[in-house]
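# Per-entry structural report
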Amino acid sequence: MWHLTPWSYSSFPLLLLTVLSRQIGLEGAQGTLCSLWEKHNSRSLFQDGDVIIGGLFNLYYMPSYPEQDFTKKPYYKPCNSFEVKLLKSMYAMAFAVEEINHNKTLLQGVKLGYRILDSCGRYPWVLKAALSLVGGDAHSCNSAVSNPQSADNGQNEGNSGHQTVPLLIGATSSTTGIILSRTLGPLSVSYLASCPCLSDRQKFPNFFRTIPSDVYQARAIAQLAIRFKWAWVGAVIVNNDYGRLALQVFQEDIKGKGVCLEFIQTVSRETIMHDAEKSAITIQASTARVILIFCWYTDVRQIFLALADRNVTDRQFLASEAWSTSDELMQNLAVSKFSSGVVGVAIRSSTIPGFENYLRNLNPYDRPGDVFIRELWEREFGCSPEATHSQKAPLSSYSSSPSNASTSSPVNKSIKKSSLPPCNGTESLEEVQNVFTDTSQLRETYNVYLAVYAAAHALHSLLSCPNRDSPMNNSSTCSSAKHIKPRELLQHFNKVNISTPHGERFYFQGADIPPKYDLVNWQKTPEGSLKLVVVGQVDEFDVQLNESVIQWNTGSNEVPVSVCSKSCPPGTRKANRKGEPVCCFDCIPCGEGKISNITGSLHCQRCPSEFWSNTEQTVCIRRKTDFLSFNETLGITLTTVAVSGVIVTTVVFVVFLYNRRTPMVRANNSELSFLLLLSLKLCFLCSLVFIGRPSVWSCRFQQAAFGISFVLSVSCLLVKTMVVLAAFRSARPGAAALMKWFGPGLQRGSVCLFTSVQIIICIIWLSISPPVPHRDLGIQGSKVTLKCAMASVVGFSLVLGYIGLLACSCLLLAFLARKLPDNFNEAKLITFSMLIFCAVWVAFVPAYVSSPGKYVVAVEIFAILASSYGLLFCIFAPKCFIIILRPEKNTKKHLMAR
């Protein structure tokens, strides 16, 4: 736990220089070789042993933070507020030492002792207490004055004085850890200093800790945000390295994981009231429903009070381990209704077998020199145990330091001259239920316990060699319990890999231990108060969480939602908003042929070629096969028109057949007229071949039928035109023989010749590269078009080109014969019919190329029907009109009139 303070890490060299100048330099000028570092402090606990380990604990604190001038006397200003919770951590060290001394396999033949001092949580006093532990006490100092050589050799032995300690347990903050590691030679094992900077072995080679680095708690909180899909989070951090570094790690871990920070609000201890109010305003105005707070619990209290004033109750808070287990916050009724549902990372909790019984058996009568249990007794039972001391036998192993026997200290006077009534000697902690006797969740306390065991195993490894206490033992690898060098002990600390008495594996990774945390939840009790519930664990990088037992800020088990934009439903994709975080986006529907089948999709996936998206754009479904069918409206319409053309052609054929001997029918070779009607009927019928599901044979037959039928029709018209021209030329003098050469036989032969050329083209085309059925996937849609694909464009072009050649020739000849002097000139009718025919097929080409899917076939059918109807009506409608409605004009005289 990284304590927050405006004091800079870089300030401690100046602090040390000031203290050393005051205590050593000035007094040394008066002839003193050393001075007493702890004469201000009567709060200590000592147990003698072969090896003494030091302990520093913040058992007392100052209620406020006035400016301290520790270079002037008196050095020690009032530090009177007693912290009962931390007292339990101190006794965990004493309990662990006793437990180790009773262990027959650990430190055999070596008694472990301790020397514990209160540091008041203030850096000057931390440094004074640490120097006192390292430099020794009054006896050590006096021995050094009388025998400097022995002092230099560290020969401060004997029970009457305290020997120096090879290691310290109890850097209670990161700043303290930095001070002790950079200033003092002995090893320092911290149970609360969590600054990542202390992991640097080059800068802090003699520092160890039993609490994970803050890097890991930031990562654990990031994993929670990712796990619960909290995409929109606000952050309130303390304005120092603790908050900034934690936020940096959090941001690195959530990068690219769908979590964004809406705001970052900083608070400082010096301006906490203003910063708390500003943070409350920001939280109230934000759309984020999850707020991450990396602050000390006193700062969080002010923030919650500011939120309470604004009645902001709908926020879910994520807590760092600095306040996630704060009893003061949970018991504060003013903020409890706003802080319900807090989820946070906490120092892992554990149990220490036998520790509760040890605490409950503590009393000031068995420990007359224990000033801490005496003050606990006065607070708990409201009486002074001083009057009953003479009735109890003292336990000599527990005492205050001899150097602390002076009663001149103001604190000593306050303790000894208590105004409380005397205790009756029957008081006991057996039935007391408070924070001191509660061992259900030991966190900082368990870290102290682990630190003592780590020290014991390192000492055991260092001292485990035969004849270590022999004066003849000069081995550099075998140390004596009375002459332990921190440099040698450091090597064995790096190798610590042990199992605690209840089976937990423990080892160091550099200065750190493997990260282990509890995940805790603040839940309401039926009485309305809050209780702390462990809902999961973080074991290194594995997060184990029982989500079903979590009670959120809403009072339910439903995970709160905190997003900038709601997740895009299936069928849509995210589209980031310009200039906003990636968590703020719009939902864009997928395009046709694309789907997204998950919530919050970043991209739409294109369906396979044989599939298409459904209307919701969520599933790819197989495309329906599409072709021009007889069952659909367009197919029925075209079929009706084609059949109508066949019927009309048949009617005309019947009319001509019935009137075959009349001049109108016999004019211009009646055989060609009947052949033309037959070819037009074939043209109408061939359009029906294009309708229906394409097959191999239908694809081949439809193009051949189309090409041959139209060539036959145009050939008949071409020959008719040639007959008209020949008849006109034969009427001139000397040209009578022309009609003999162009008689009926030659006319029939010409039609056959022209048609045979098309037949040959079709045979060659269909033999080499015929049209084949093809599934057209090129048109994006929910349907696959079945059509006859032209495997050879050249063949189809030759068929159309040959028809166009004959049509153009016919149009040219008919145009030349349009002004012949006959009263009924068929060349005019042929001219109009060819104009319509050519216009239709010229328009057909671009329409055919640009039409999608089955409409390609419809365009071709329309061209066939339009041109067929154009030929039918232009050629035969005037004749039928005369035959049926004007029979008086159906005479040779009338037809040949000028």
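Above this text sits the structure in question.
We now turn to the structure provided with this report. (Residues numbered from 1 in each chain as written. Predicted model: local features only at pLDDT ≥ 70, side-chain atom pairs only at ≥ 80, totals over all residues. Heavy atoms only, no water.)

## As for the pattern of salt bridges
Rules: Think of a salt bridge as a Lys or Arg side-chain nitrogen and an Asp or Glu carboxyl oxygen that are within 4 Å of each other. Only DSSP runs of H or I covering at least 4 residues are called helices, and only runs of E covering at least 2 are called strands; the numbering of each starts at the N terminus. Classification of residues uses two cut-offs on accessible area relative to the type maximum, computed with a 1.4 Å probe and protein chains only: under 20% is buried, over 50% is exposed, and between them is partly exposed.
The tally for this structure, following the rule as stated, stands at 14 salt bridges. In this structure, R301 and E328 form a salt bridge, with 2.1 Å as the shortest nitrogen-oxygen distance. One end of the pair, R301, is in helix 10 (residues 297-309); the other, E328, is in helix 11 (residues 327-330), and 27 residues separate them in sequence. Residue E328 is classed as partly exposed on the basis of its relative accessible area of 33%.

## Describing the sheet that holds strand 2 (residues 51-57)
Note the threshold: Two strands are counted as paired when DSSP detects at least two bridges linking them. Angles here are taken between N-to-C directions and fall from 0 to 180 degrees, while the axes themselves are lines fitted to C-alpha atoms, restricted in helices to the stretch in contact. By definition in these notes, contact holds between two residues if any of their heavy atoms fall within 4.5 Å.
Spatially, 1-5-2-6-7-8 is the arrangement adopted by the six strands of the open sheet, whose pairing is mixed. Because the sheet does not close on itself, it has two edges, and the strands there are strand 1 (44-47) and strand 8 (207-209). Within the sheet, the average angular offset between the axes of one strand and its neighbour, ignoring direction, is 20 degrees. Sheet analysis places strand 2 next to strand 6 (residues 167-169), joined by two bridges and oriented parallel. Residue pairing across strands places G54 opposite L168, the latter belonging to strand 6. With respect to the sheet, helix 2 (residues 84-101) is in contact with strand 1, strand 2 and strand 5 (112-118), its orientation differing from that of strand 5 by roughly 170 degrees. Each of strand 6, strand 7 (187-190) and strand 8 is contacted by helix 17 (residues 486-493), which is oriented at about 40 degrees to strand 7, the strand it contacts most.

## Here we look at the sheet that holds strand 18 (residues 542-545)
Taken together, eight strands build an open sheet; the order of strands is 10-9-11-12-13-16-17-18 and the sheet is mixed. One side of each edge strand has no neighbouring strand; the edge strands of this open sheet are strand 10 (260-267) and strand 18. Strand-to-strand twist in this sheet, taken as the mean axis angle between neighbours without regard to direction, amounts to 25 degrees. Note that strand 11 (residues 290-294) and strand 12 (residues 316-319) share four bridges and pair parallel. Along strand 12, the bridge assignment pairs L292 with L318.

## Quick look at the packing of helix 16 (residues 444-463) against helix 17
If you want to describe how two helices pack, look at the angle between their axes and the distance between the axes. Note the threshold: Geometric relationships in this document are graded by angle, where less than 35 degrees denotes roughly parallel, more than 145 denotes roughly antiparallel, 65 to 115 denotes roughly perpendicular, and other angles denote oblique. Three classes are used: nonpolar for Ala, Val, Leu, Ile, Met, Phe, Trp, Tyr, Cys and Pro, charged for Asp, Glu, Lys and Arg, and polar for all others, with Gly counted as polar.
Contact geometry for helix 16 and helix 17: axes closest at 8 Å, N-to-C directions at 110 degrees. On the basis of the axis angle, helix 16 is roughly perpendicular to helix 17. Taking contact as the criterion, the partners of A454, A455, A458, L459, S461 and L462 in helix 16 are, on helix 17, E488, L489, H492 and F493. Among the residues making up the contact of helix 16 with helix 17, the classes are represented as seven nonpolar, two polar and one charged.

## Focus on the packing of aromatic side chains
For clarity, the threshold we go by: Stacked, tilted and edge-to-face are the three classes assigned to paired rings of Phe, Tyr and Trp, where Trp is represented by its six-membered ring and a pair needs centres within 6.5 Å; plane angles under 30 degrees give stacked, over 60 edge-to-face, the rest tilted. Put simply, a charge is over a ring when the Lys NZ or the Arg CZ is close to the ring centre, within 6 Å, and near the line of the ring normal, within 35 degrees.
Scanning the entire structure with this criterion turns up 33 aromatic pairs. For the ring pair W230 and W552, a centre distance of 5.6 Å and an interplane angle of 90 degrees mean the geometry is edge-to-face. With W230 in the loop between helix 7 (214-227) and strand 9 (232-238) and W552 in the loop between strand 18 and strand 19 (572-576), this residue pair connects regions lying 322 residues apart in the sequence. You'll find W230 and W552 in the same group, each marked buried. Geometrically, the ring pair formed by Y446 and Y449 is stacked, given 6.0 Å between the ring centres and 25 degrees between the ring planes. Taken together, the positions of Y446 and Y449, both in helix 16 and three residues apart, correspond to about one turn of that helix. In this structure, Y446 and Y449 share a single accessibility class: buried. Site record: aromatic cluster; members linked through ring pairs are F95, F355, Y358, Y446, Y449 and Y453. Positioned above the aromatic ring of F208, the side-chain terminus of R201 is 4.7 Å from the ring centre. Geometry around W697 places R700 over its ring, the cationic atom sitting 5.5 Å from the centre.

## Section: unusual backbone geometry
Glycine aside, residues mostly have negative phi, and peptide bonds are mostly found in the trans state. The backbone of L107 shows a phi angle near 55 degrees, a positive value even though the residue is not glycine. Summarising the element assignment, L107 is placed in the loop between helix 2 and strand 5. Residues other than glycine seldom take positive phi values, yet K229 does so here, at roughly 60 degrees. Residue placement: K229 occurs in the loop between helix 7 and strand 9.

## With respect to the nonpolar core
Looking at soluble globular proteins, one finds that nonpolar side chains tend to be buried together. In plain terms, the rule: Residues belong to one nonpolar core when they are buried, are Ala, Val, Leu, Ile, Met, Phe, Trp, Tyr or Cys, and are joined through side-chain atoms within 4.5 Å.
The biggest cluster of nonpolar side chains holds 76 residues, and the ones touching the most others in it are I53, Y91 and F493. Element by element, the count of residues in this core is highest for helix 16, at 14 residues. Once residues within four sequence positions are removed from consideration, F493 is found in contact with L167, L187, V189, F208, A454, A455, A458 and F508. In terms of nonpolar packing, the next biggest core, distinct from the first, is built from 72 residues, V665, V723, L806 and M834 among them.

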